[in-house]
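Observations on the three-dimensional arrangement
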Amino acid sequence: MFHLFHKKRQPRLHVTALGLLALYGVAVTTYTLTLSPTLRFFGGKDQSALERSIHLEYTLREMAGYREQDAEFLVTLRRDQEHPAETDLYVQRTGTQYPFTSVLDVYSSHYHPAEMRNGTMFVIRRIDDPDGTWVDQDGSIYGFRDELWAYDISGKGEKVFEYPGIDFRASVDGEYIVVSEGPSQIAMVSKHADVLHHFRWPELAGDLRSMIQEKMEVVQAPPSIGFSGWSNDGKYFWGWMGWLKPEMYFRINAERNIVRTFDVSDMPLGSEVAFNPNSGKFAYTNYPFMFDSISKETFETTNTPVTLVLHDLMENESLEISSSVAMPFSPSWIGTENFEYTHPYTRERVIFTVK
């Protein structure tokens, strides 16, 4: 069953929890301005207070319905002026940026350099290696190495993984991390640096391997692996495989290393895809990839129909939600059952509920 309603409509419990979050934001701001903890000398009492506040916010956010992992805590990076090699990491909660720790050699230009999961800060560090001692499995020599580190609330860090050019996503509880090993391989690791399994693209492709192999021969390049996210229970990790767009999705059972595959090669996926890792549903449009403003302006003059579709991978069912004339929808999930998009005519954000 599907329901459409305006964005301002909210359940009473949601409003109550939002009120608690607002009050909590005032308390955090007061704490920050009063104690002004120094990042390098974060005292034990301050650490305990921060740990309690993080736990409280997780609880309040769950009450408010903020269950998707990317909406829990934002991480902000600031280069330290007195120590240029160090980066100060802040967590943003209820609009307040709060200091967490300082880290050397943070790969700050990475599109996803850090994330906060269940009180643990995961950070990519890029270490210069002018002698080129890192050689990957294909024999390529690198003048750097990337390291994924996990920092607890006290600022104590532990190296989790290393590989040049890595990307990563940690589960909501912070116990499992998926890390890229080149364009066509990923590793499942624990936050204690235990490599649990390596997945090369043929294993991820499963029964769709022949389809990917045929496209590889046409494209003359191995497939890329993209990250779609973890389920809230930390049991499943979702990703996709393809080139410019996904040709297939895969789901990994983190506890058993079992892969399930889903063919989307015939679907007109464009530049707008919003994936829900809790349900295996995603909203997408056929709005094309844009590389400059001229392309966008040109496309708007073509009067090309753009359709917003909700697709369920588990049931292999699709539902058309809305359509426009050469206009994007910018869909995004705001919970396990709700996603929002831009109305094609009013340009207001509206919410679609899936039940």
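Relevant structure appears above.
Let us look at the structure shown here.

What counts and what doesn't
Residues numbered from 1 in each chain as written. Predicted model: local features only at pLDDT ≥ 70, side-chain atom pairs only at ≥ 80, totals over all residues. Heavy atoms only, no water. Phe/Tyr/Trp six-rings, centres within 6.5 Å; stacked < 30°, edge-to-face > 60°. Helix = DSSP H or I, 4+ residues; strand = E, 2+ residues; numbered from the N terminus. Buried < 20%, exposed > 50% of the residue type's maximum accessible area, 1.4 Å probe, protein only. Pairing = 2+ DSSP bridges. Axes fitted to C-alpha atoms, helices over the stretch in contact; angles between N-to-C directions. Contact = heavy atoms within 4.5 Å. Arc of directions from axis to C-beta. Salt bridge = Lys/Arg side-chain N within 4 Å of Asp/Glu carboxyl O.

Let us now look at the packing of aromatic side chains. Throughout the structure, instances matching the rule amount to 16 aromatic pairs. Here the aromatic rings of W238 and F275 are separated by 5.2 Å at their centres, their planes lie at 50°, and the arrangement is tilted. One end of the pair, W238, is in strand 16 (residues 236-242); the other, F275, is in strand 19 (residues 273-276), and 37 residues separate them in sequence. Note on F275: relative accessible area 13%, which makes it buried. An angle of 40° between the planes, with centres 6.2 Å apart, marks the rings of F339 and Y341 as tilted. Classification of F339 as buried rests on a relative accessible area of 0%. Its relative accessible area of 4% is what places Y341 among the buried residues.

Moving on, we come to the sheet that holds strand 17 (residues 246-253). Taken together, the 4 strands give an open sheet; going across it, the order is 15-16-17-18, and neighbouring strands pair in antiparallel fashion. Every interior strand has two partners, whereas the edge strands, strand 15 (224-230) and strand 18 (258-263), have only one. Between one strand axis and the next, the sheet turns through 25° on average, direction left out of account. Across the sheet, helix 4 (residues 209-219) lies against strand 16, strand 17 and strand 18, angled at about 140° from strand 17, the strand it touches most.

On to helix 4, then. Buried within helix 4 are the following residues: M211, I212 and M216. Viewed along the axis of helix 4, the buried residues span an arc of 140°, placing them on a single side of the element. Turned more than 90 degrees away from the buried face of helix 4 sit E214, E217 and V218, all of them exposed. Taken together, the buried residues of helix 4 touch helix 3 (201-205), strand 16, strand 17 and strand 18. After helix 4 finishes, the residue Q220 shows a positive phi value of roughly 60°.

Glancing now at the sheet that holds strand 11 (residues 168-170). The antiparallel open sheet is built from 4 strands, whose spatial order is 11-12-13-14. Two strands lie at the open edges of the sheet, namely strand 11 and strand 14 (195-200), each paired on one side alone. Neighbour to neighbour, the strand axes of the sheet diverge by 15° on average, direction disregarded. Of the strand pairs in this sheet, strand 11 and strand 12 (residues 176-180) are connected by 3 bridges, and their pairing is antiparallel.

Turning to the environment of A283, a few remarks are in order. Here A283 lies in strand 20 (residues 281-285). The sequence separation of A283 and I321 amounts to 38 residues, and the corresponding C-alpha distance is 9.0 Å.

Counting across every chain of the model gives 14 salt bridges. For the salt bridge of D167 with R169, the shortest nitrogen-to-oxygen distance reads 3.1 Å. Residue classification places D167 among the buried residues on the basis of a relative accessible area of 11%. The class for R169 is buried, based on a relative accessible area of 14%.

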